Amino acid sequence: VKEKAHGSSFAHRGELRQAKRIVVKLGSAVVTRGDECGLALGRLASIVEQVAMLQNQGREMMIVTSGAVAFGKQRLRHEILLSQSVRQALHSGHNQLKDMSLPVLEARACAAAGQSGLMALYEAMFTQYSTCTAQVLVTNLDFYDDQKRQNLNSTLQELLRMNIVPIINTNDAVVPPPEPNSDLQGVNVISIKDNDSLAARLAVEMKADLLIALSDVEGLYNSPPGTDDAKLIDIFYPGDQQSITYGTKSRVGIGGMEAKVKAALWALQGGTSVVIANGTNPKVTGHVITDIVEGKKVGTFFSEIKPAGPSVEQQTEMARNAGRTLASLHPDQRSEIICHLADLLTERKEDILAANKTDMDLAVSAGHLPSAMIKRLSLSPAKLNSLAIGLRQIAVSAQDSVGRVLRRTRVAHHLELEQITVPIGVLLVIFEARPDCLPQVSALSIASGNALLLKGGKEASNTNRVLHQLTQEALSLHGVTQAVQLVSTREEVEDLCRLDKMIDLIIPRGSSQLVRDIQRAAKGIPVLGHSEGICHVYVDADASVDKVIKIVRDSKCDYPAACNAMETLLIHRDILRTPLFDQIIDMLRTERVKIHAGPRFASYLTFSPSEAKSLRTEYGDLECCMEVVDSMQEAVDHIHKYGSSHTDVIITECEETAEQFLQQLDSACVFWNASSRFADGYRFGLGAEVGISTARIHARGPVGLEGLLTTKWVLRGDGHTAADFSEHGNMKYLHENLPVRQSLAGQRDSN
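- The protein carries the name Delta-1-pyrroline-5-carboxylate synthase in an unreviewed UniProt entry, which gives Amphiprion ocellaris as its organism.
- Reading the Subunit (unreviewed entry) entry of the UniProt record for the protein gives the comment "Can form homodimers/multimers."
- UniProt's Subcellular location (unreviewed entry) comment on the protein is quoted here verbatim: "Mitochondrion matrix".

Following this line, the structure appears as structure tokens:
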């Protein structure tokens, strides 16, 4: 673990990975059960596991814990009830046991009874991870006396040096009496404020890099949690106190969030970074501490350095607001924006290509990008011209996209129902080293009236920045500059995928690994895309020689890195050892395609090429798998088993065989005597695509403008109520379908 010089806190969450010395503060609400009588053992065990794991990574972990009062309360209650039951059994018989009242216990007595048990529990748990612990009991007074403070510092330093986890708690048996009105359900609980200030003072005294304060709230909100407008604050800056409204106190303790913030700011001023997070949520408790240390967006991070630009949450909010205005523009205005962007791509091509050259030079000098990704990163005048043509096609499509009436029904007299197209909302498009994706996706979002959040790969950061500036310049024509946002902060993709209340659809454009990662991370947000492009070409026994050579060459060699490139070539058994088979092999060798033999194909050969490690491989290069099948049906079965439902091709002159293949195969794109490379939005006449989807619902195959729209129902009545149509009502349903003569809602005919 890399150490930092103490005196300044970490500026960004990502830097928390460097934290060497960490204090974990466990609030009463985290350690105790819901009834505040006894400990939450499951939560405690998962927290101990995380602390032990970080300790074993070479970090220096310290725990400031509550819980002695709750543990002692449980123990004393048990003892008192037991003694009461014995006395009552002797004097009154067993029938009186139900009348026993629970005793009101004094907090300091509970603490005295619970401290040894609490420590024994921690020791037993940490022993499971071969981690040694030591108990340190302190009071606030220990920090006011210089000698005591030095002794405490020396003791803790020595424990850390010996790889021991110090477990520190306030000596609640001797603290001053609680303040008036701090009684909670008959039990005086030590102020949680004491533990917050203790943890902050200890973190600064020990020059800790990070203080993690766990309680029963997600973090700091801009208004009391539970109120309508309450939003979790991701990063809190010392100057932001005025914008906070504090709510009620924690379930246990009297400190509340205000005390936590004061303690956190005090620690921050002393050079210790602070994160306040929820340690009671069963969905995240098992990894909340490790997530924070890994720099993930959990809880509220306190930082002294305010970034120059808006946060990603603010960008999303701006995009949504501008997106609503964009959706309300006249179709001609949206088309005008897209055409202007197309013009800018050619007019400013020198600026774009200069930025792209910078990115290319950096990528080549770094030397870690594969050749396929370098190709995607590269832009040229021809590529920009092609992009501009595609954008103008989208501009034409934008004329009748948003607000198109799909269905009209006269439900009853003067009660008319319409189904119309509307934007999905806020799209998040994540793409790797492919800057040409930015203007394409921006144009499709503008045409469909959607707000757009873009997260590009750092390899193309300079090109993306210039292209985004041009996009915003085009949007400014009609005052919707903020509708397309480029996320340039250090946001992790996983953190963006958690914005389920702000983002409506995620579209990943990149490697299969990127797509899989996003599908895993996006809980609550639909993901449109495909994780793999394992495309097959099946050469039937009745295939034409010329067509086979042309289609196989184009499918594999035109652009091997594309997701619609052929990865597996299936050959009918009757073609083996024929001139056609020899021509296929010769063509692939000429094109320098490396062949990996499937198990059946290898069994036919004396000297076979290298055997395929898997029949489910996306090579993304001049490589492919070759396998033999006995029939068209066997080819279909093979594709269903090993394919990715992307694009699959049959080459045959037999129409009956072809139609069976097209009907039986369950892929997003199925072709007869055509290259797999046709699976593309531009070639389909969609103008451009946001990606290819292999999903079963919503859009499937190349997704263009139509795939970025959803629908809503609009009902126009004249004082109608549902009661009008009941058995006692005076109206009857007509459900009469009406013609849709005008394309856009609001321009209806007079039927």
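**So, the packing of helix α12 (residues 349–366) against helix α16 (residues 461–475)**
And step 1. Where α12 contacts α16, the two axes come as close as 7 Å, and the packing angle between them is 160 degrees. Relative to α16, the element α12 lies roughly antiparallel. When you trace α12 past α16, the crossing you get is left-handed. Mapping the contact onto sequence places D351, I352, A355, N356, T358, D359 and L362 in α12 and S461, N462, T463, V466, L467 and L470 in α16.
And step 2. Within the contact of α12 with α16, the residues separate by chemical class into 6 nonpolar, 5 polar and 2 charged.

**Quick notes on the packing of aromatic side chains**
And step 1. Within this structure, the stated rule accounts for 5 aromatic pairs.
And step 2. Centre to centre, the rings of F671 and F684 are 6.5 Å apart; their planes meet at 65 degrees, and the pair counts as edge-to-face. With a gap of 13 residues between them, F671 in strand β22 (residues 669–672) and F684 in the loop between β22 and β23 (691–693) connect regions that are remote in the sequence.
And step 3. A ring pair is formed by F725 and Y733, whose centres lie 4.3 Å apart and whose planes are at 10 degrees; its orientation type is stacked.
And step 4. Assessed through its relative accessible area of 15%, F725 is described here as buried.
And step 5. On the accessibility criterion, Y733 (47% relative accessible area) is partly exposed.

**Things to note about the environment of R516**
And step 1. One can find R516 in helix α18 (residues 512–521).
And step 2. The class of R516 is partly exposed, set by a relative accessible area of 27%.
And step 3. Separated by 13 residues in sequence, R516 and G529 have C-alpha atoms that sit 9.8 Å apart.
And step 4. Sequence-distant contacts of R516, defined by excluding residues within four places in its chain, comprise S531 and E532.

**Points about the packing of helix α11 (residues 331–347) against helix α15 (residues 437–447)**
And step 1. The N-to-C vectors of α11 and α15 enclose an angle of 165 degrees; their axes lie 9 Å apart at closest approach. In this view, α11 runs roughly antiparallel relative to α15, as classed from their interaxial angle. Here the hand of the crossing between α11 and α15 comes out right-handed. Counting all contacts with α11, which are made through R334, I337, I338, L341 and L345, the residues of α15 involved are P439, A443, I446 and A447.
And step 2. Split by residue class, the contact of α11 with α15 holds 8 nonpolar, no polar and 1 charged.

**A short note on the sheet that holds strand β14 (residues 451–456)**
And step 1. If you walk across this open sheet you meet the 4 strands as β15-β14-β13-β16, and the pairing is parallel. In this open sheet, the two edge strands, each paired with only one partner strand, are β15 (484–486) and β16 (505–509). Each adjacent strand pair in this sheet contributes to an overall mean axis angle of 20 degrees, direction not counted.
And step 2. By the bridge criterion, 3 bridges tie β14 to β15 in an arrangement that is parallel.

**Some remarks on the pairing of β16**
And step 1. Counting buried positions along β16 yields 5 of 5 residues, so the element is predominantly enclosed.
And step 2. Side-chain alternation along β16 places L505, I507 and R509 on one buried face and I506 and P508 on a second face that is also buried.
And step 3. The pairing of strand β13 (residues 426–431) with β16 spans 5 bridges and is parallel. Paired with I430 across the two strands is P508, which belongs to β16.

About the criteria used
Residues numbered from 1 in each chain as written. Predicted model: local features only at pLDDT ≥ 70, side-chain atom pairs only at ≥ 80, totals over all residues. Heavy atoms only, no water. UniProt positions renumbered as here; feature names shortened; annotations may be inferred. Axes fitted to C-alpha atoms, helices over the stretch in contact; angles between N-to-C directions. Helix = DSSP H or I, 4+ residues; strand = E, 2+ residues; numbered from the N terminus. Parallel < 35°, antiparallel > 145°, perpendicular 65-115°, else oblique. Left-handed = near helix turned anticlockwise from the far one by under 90°. Contact = heavy atoms within 4.5 Å. Nonpolar A, V, L, I, M, F, W, Y, C, P; charged D, E, K, R; others polar. Phe/Tyr/Trp six-rings, centres within 6.5 Å; stacked < 30°, edge-to-face > 60°. Buried < 20%, exposed > 50% of the residue type's maximum accessible area, 1.4 Å probe, protein only. Pairing = 2+ DSSP bridges.

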